[in-house]
Amino acid sequence: VQLQASGGGLVQAGGSLRLSCAASGSTGIIFRINAMGWYRQAPGKQRELVAKITSGSSTNYADSVRGRFTISRDNAKNTVYLHMNSLKPEDTAVYYCNADTNVYRYWGQGTLVTVSS
């Protein structure tokens, strides 16, 4: 599975961004993806879960983003989105999308989100 992330950039505090992550690869492996999500890693910190959505559209969020971020997916496009509102400087990080099957976790390249105060 290849994951192509896009949508990062520079935004002022209080602003919004939308990240996209498109999955591609063999149909058989795509079919086995049971969850996709977003993680982030700020300088000097460990990578942390931001949001995840299952194939059944169940979602979970980090406490720090709940109510501000929304994860969604377009199954026809094999794409997951992260809508980020009310951004804060502490949201600044490299954001990574991932896809989970029962046996493997795939990672996309990171996209940088910078929130200025």
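All values reported here derive from a predicted model rather than from experimental measurement. (Residues numbered from 1 in each chain as written. Predicted model: local features only at pLDDT ≥ 70, side-chain atom pairs only at ≥ 80, totals over all residues. Heavy atoms only, no water.)

Caption draft 1: Focus on the packing of aromatic side chains. For the structure on display, the rule yields 2 aromatic pairs. Ring plane angle 70° and centroid distance 5.0 Å describe the contact between tyrosine 39 and tryptophan 107, whose orientation is recorded as edge-to-face. Taken as a pair, tyrosine 39 in strand β4 (residues 35-41) and tryptophan 107 in strand β10 (residues 105-107) lie far apart in primary sequence, 68 residues in all. Positioned above the aromatic ring of tyrosine 96 is the side chain of arginine 47, whose terminal nitrogen or guanidinium carbon lies 3.8 Å from the ring centre. Across the ring face of tryptophan 107, the terminal group of arginine 47 is positioned such that the distance to the ring centre comes to 4.6 Å. (Phe/Tyr/Trp six-rings, centres within 6.5 Å; stacked < 30°, edge-to-face > 60°. Helix = DSSP H or I, 4+ residues; strand = E, 2+ residues; numbered from the N terminus. Lys NZ or Arg CZ within 6 Å of the ring centre and 35° of its normal.)

Caption draft 2: Here's a closer look at the state of the cysteines. Applying the stated criterion to the full structure yields 1 disulfide. Here cysteine 21 engages in a disulfide with cysteine 97; their sulfurs sit 2.1 Å apart. Torsion about the S-S bond of the cysteine 21 and cysteine 97 cystine: about 55°, corresponding to right-handed handedness. Of the two residues, cysteine 21 sits in strand β3 (residues 17-24) while cysteine 97 sits in strand β9 (residues 93-100), which places them 76 residues apart along the sequence. Using a relative accessible area of 0% as the deciding quantity, one classes cysteine 97 as buried. (Disulfide = S-S within 2.5 Å. Buried < 20%, exposed > 50% of the residue type's maximum accessible area, 1.4 Å probe, protein only.)

Caption draft 3: Quick look at the pairing of strand β7 (residues 69-74). In terms of strand pairing, β7 meets strand β8 (residues 79-84) through 6 bridges, oriented antiparallel. The residue of β8 that forms the bridge with arginine 73 is valine 80. (Pairing = 2+ DSSP bridges.)

Caption draft 4: Structural detail: the nonpolar core. Counting residues in each nonpolar core, the largest one holds 32 residues, and the members touching the most others are Leu3, Trp38, Leu82, Met84 and Tyr95. At the level of elements, β1 (2-6), β3, β4, β5 (48-54), β7, β8, β9 and β11 (111-116) are the ones that each hand at least two residues to this core. (Core = buried A, V, L, I, M, F, W, Y, C linked by side-chain atoms within 4.5 Å.)

Caption draft 5: Fine view of the sheet that holds β7. Reading across the sheet, the 4 strands line up as β1-β3-β8-β7 and stay open at both edges, with antiparallel pairing between neighbours. Two strands lie at the open edges of the sheet, namely β1 and β7, each paired on one side alone. Direction aside, the axes of adjacent strands within the sheet are offset by 15° on average. In terms of strand pairing, β1 meets β3 through 5 bridges, oriented antiparallel. The residue of β3 that forms the bridge with leucine 3 is alanine 23. (Axes fitted to C-alpha atoms, helices over the stretch in contact; angles between N-to-C directions.)

Caption draft 6: Up close: the environment of valine 65. Position of valine 65 relative to the elements: it lies in the loop between β6 (59-61) and β7. Since its relative accessible area comes to 0%, valine 65 is described here as buried. A sequence separation of 41 residues divides valine 65 from serine 24, and the C-alpha atoms of the two residues are 28 Å apart. When neighbours within four sequence positions are excluded, valine 65 is seen to be in contact with Arg40 and Val50. (Contact = heavy atoms within 4.5 Å.)

Caption draft 7: Here's a closer look at unusual backbone geometry. Although it is not a glycine, serine 57 adopts a positive phi angle of roughly 70°. Taking relative accessible area as the criterion, serine 57 reaches 44% and is therefore assigned partly exposed. Phi at serine 86 takes a positive value of approximately 50°, unusual for a residue other than glycine. For serine 86, the location among the structural elements is in the loop between β8 and β9. The class of serine 86 is partly exposed, set by a relative accessible area of 40%.

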